[in-house]
Amino acid sequence: MSNMFKTLMVAVAGLGLSAAVSAQEVVEGQHYELLESPVETQVDDGQIEVTEIFWFGCPHCYRLQTPINEWYETLDDDVSVVKMPATMGGDWNTHATAFYAAESLGIEDELHADFFNAIHQENQSLTEPDEIAAFFANYGVSEEEAKQALTDFGVRSEVNDANNRMRKMKLMGVPAIVIDGRYLVTPSSAGSLDNMPKIAEALVEQVREERAE
């Protein structure tokens, strides 16, 4: 990962981030970055897209799960969350395939946190098809169904689409949050993992204000 994404404890001047942050307080280049080229959003018209980019094997992504999930529970109806696995080859792509395979089988929501826990708490790699299929079997699908999903053309297409989207965002590391296909929040820009949802919330409000003008 790049140094930008490894630097997790950067002072955030002028912000009391223990509380909510307003749209007026966040500053481009200080608390978030503007993507060089906006990416097309994947949500319904009128919705504000929050894209969480992660890798199941990333310890920082794992640590972000608690604060970001707590934030998700507070989101208003005009916000839609898109979870996008990062694709940087090797195990990253294997885990991205597992994500989309689970989604195609209708078990991803139930499985998501457990997949993270299995890797980071139980030291499972979950990088081999047999391992992944056996894990999926705990969620009401057969291992055969799981293996078929892991090689499904539609799942491979989803992985390729995620890879293309990540390249357009020019992301070099995870975790990351992108708001409305334009605003990028990283641990470095936010000052810490815990602050990422707070900056993201302020940017959601900023998008609302922009749309109201």
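Quick look at the structure, then.

The rules behind the values
Residues numbered from 1 in each chain as written. Predicted model: local features only at pLDDT ≥ 70, side-chain atom pairs only at ≥ 80, totals over all residues. Heavy atoms only, no water. Core = buried A, V, L, I, M, F, W, Y, C linked by side-chain atoms within 4.5 Å. Buried < 20%, exposed > 50% of the residue type's maximum accessible area, 1.4 Å probe, protein only. Helix = DSSP H or I, 4+ residues; strand = E, 2+ residues; numbered from the N terminus. Contact = heavy atoms within 4.5 Å. Arc of directions from axis to C-beta. Expected span 1.5 Å × (residues − 1). Patch = residues over 30% accessible without salt bridge, like charges linked within 9 Å, V, L, I, M, F, W, Y side chains within 5 Å. Areas by Shrake-Rupley, 256 points an atom, 1.4 Å probe, with all protein chains shown as cover. Salt bridge = Lys/Arg side-chain N within 4 Å of Asp/Glu carboxyl O. Lys, Arg positive; Asp, Glu negative; His and termini not counted. Charge placed at Lys NZ, Arg CZ, Asp CG, Glu CD. Pairing = 2+ DSSP bridges. Axes fitted to C-alpha atoms, helices over the stretch in contact; angles between N-to-C directions.

The next subject is the nonpolar core. Membership of the largest hydrophobic core comes to 43 residues, with the highest contact counts inside it found for Ile-53, Leu-111, Phe-115, Phe-135, Phe-136, Met-169 and Val-174. Where this core is concerned, the elements lending two or more residues are β2 (48-54), α3 (91-104), α4 (108-120), α5 (129-136), α6 (143-150), α7 (153-169) and β4 (176-179). Broken down by element, this core gets its largest block of residues, seven residues, from α3. Dropping the residues within four chain positions of it, Phe-136 is found in contact with Ala-98, Ala-101, Ala-102, Leu-105, Ile-107, Leu-111, Phe-115, Val-141 and Ala-146.

Okay, α6 next. Within α6, the full set of buried residues consists of Ala-146, Ala-149 and Leu-150. For α6, the arc enclosing every buried residue in end-on projection is 100 degrees, short of the 170-degree limit, so these residues lie on one face. Next to the buried residues of α6 lie α3, α5 and α7.

This brings us to α3. In this model, α3 (14 residues) spans 20 Å end to end at C-alpha, consistent with the 20 Å of a helix rising 1.5 Å per residue. Of the surrounding secondary structure, the elements contacted by the buried residues of α3 are β2, β3 (79-85), α4, α5, α6 and α7.

Next up on the list: a negative patch on the surface. A cluster of acidic residues, Glu-103, Asp-109, Glu-158 and Asp-161, forms a negative patch on the protein surface. Residue placement: Glu-158 occurs in helix α7.

This paragraph deals with the sheet that holds β3. Across the sheet, five strands lie side by side as β1-β5-β4-β2-β3; this open sheet has mixed pairing. Because the sheet does not close on itself, it has two edges, and the strands there are β1 (33-34) and β3. Pairing analysis gives four bridges linking β2 to β4, with the strands arranged antiparallel. Within β4, the position partnered with Thr-51 by the bridge is Val-178. Where helix α2 (residues 59-72) meets the sheet, its contacts fall on β2, β3 and β4, and the angle it forms with β2 comes to roughly 160 degrees. Against the sheet, α7 makes contact with β2, β3 and β4, and its axis sits at roughly 105 degrees relative to β3, the strand it touches most.

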